[in-house]
Amino acid sequence: MSKVERFEDLIAWQKARILTKDIYQVTQQGAFARDFGLSGQIQRAAVSIMSNIAEGFERTYLGEFHQFLSIAKSSCAEVRSQLYIALDVGYIDQIKFNKLLNQAEEVAKIIGGLRISVNKQKHQNNSAPSTK
């Protein structure tokens, strides 16, 4: 396994980037585009996922990275919750909902796996500075 040198190399960040793009695309259509509250909130939550992965990766200590991954995973849950609202009020259909929900769940699972890996490294290194 090669060492990840940049946050852009993380699969979690790559998948979060795709999810964010897809969220932006769906929120720019129809009635969803006119609901500035919900569209803005779900966009911010999606951006938060990829931003927290990136910010955490650049932190000095693995414990900090773990914390930022927790925040990113929580933002995945926020996106999922807001997708239910979008479905319930008719902004997206069931097919689009299922696609986006599956993407958000996949990102959350990948982040969860990364959190476990970071936590193991953290305990092995006794929270020594990472060598990124």
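Preceding this paragraph is the structure being described.
Residues numbered from 1 in each chain as written. Predicted model: local features only at pLDDT ≥ 70, side-chain atom pairs only at ≥ 80, totals over all residues. Heavy atoms only, no water.

Novice: Provide a residue-level description of the overall build of the chain, including the pertinent values.
Specialist: Within the chain, the secondary structure is distributed over five helices and zero strands. Each helix and strand of the chain, ordered N terminal to C terminal, gives the series α-α-α-α-α. Overall size of the chain, expressed as C-alpha extent along the three principal axes, is 50 × 20 × 20 Å. For the chain, the residues scored as buried account for 40% of the 132 residues in total. Put simply, 74% of the contacts in the chain that link residues at least 6 apart link residues at least 24 apart. Charge centroids of the chain, computed over 17 positive and 13 negative side chains, lie 3 Å from each other. (Helix = DSSP H or I, 4+ residues; strand = E, 2+ residues; numbered from the N terminus. Buried < 20%, exposed > 50% of the residue type's maximum accessible area, 1.4 Å probe, protein only. Contact = heavy atoms within 4.5 Å. Lys, Arg positive; Asp, Glu negative; His and termini not counted. Charge placed at Lys NZ, Arg CZ, Asp CG, Glu CD.)

Novice: I'd like to hear about the packing of aromatic side chains, residue by residue, with values.
Specialist: Summed over the entire model, instances satisfying the criterion amount to four aromatic pairs. Considering the side-chain rings of F7 and W13, the 5.2 Å spacing of their centres and the 70 degrees angle between planes classify their relative orientation as edge-to-face. Classification of F7 by relative accessible area gives buried; the value is 18%. Pairing F57 with F65 gives two aromatic rings, centres 5.8 Å apart and planes at 85 degrees, and the pair type is edge-to-face. This pair shows no difference in class: F57 is buried, exactly as F65 is. (Phe/Tyr/Trp six-rings, centres within 6.5 Å; stacked < 30°, edge-to-face > 60°.)

Novice: Describe helix 5 (residues 94-125), listing the residues and the values that go with them.
Specialist: Here helix 5 contains 32 residues, and its C-alpha end-to-end distance of 46 Å stays within 8% of the 46 Å for a straight helix at 1.5 Å per residue. Taken together, the buried positions of helix 5 are occupied by F97, L100, L101, Q103, A104, V107, A108, I111, G112, L114, V118 and K122. Packed against the buried residues of helix 5 are helix 1 (11-27), helix 3 (36-58) and helix 4 (62-88). For helix 5, the N-terminal capping position is held by D93, with its side-chain oxygen 3.2 Å away from the main-chain nitrogen of I95. (Expected span 1.5 Å × (residues − 1). Polar contact = N/O pair within 3.5 Å; in protein donor to acceptor, adjacent residues only side chain to side chain.)

Novice: Can you tell me about the nonpolar core, naming the residues and giving the values?
Specialist: Judged by nonpolar contacts, the single largest core of 37 residues is most densely connected at I49, I53, V79 and I111. Once residues within four sequence positions are removed from consideration, I53 is found in contact with L10, A12, W13, A16, F65, L69, A72 and I111. (Core = buried A, V, L, I, M, F, W, Y, C linked by side-chain atoms within 4.5 Å.)

Novice: Please give an account of the environment of K120 that cites residues and values.
Specialist: If you trace the backbone, K120 turns up in helix 5. Along the primary structure K120 and R17 are separated by 103 residues, whereas in three dimensions their C-alpha atoms are 26 Å apart.

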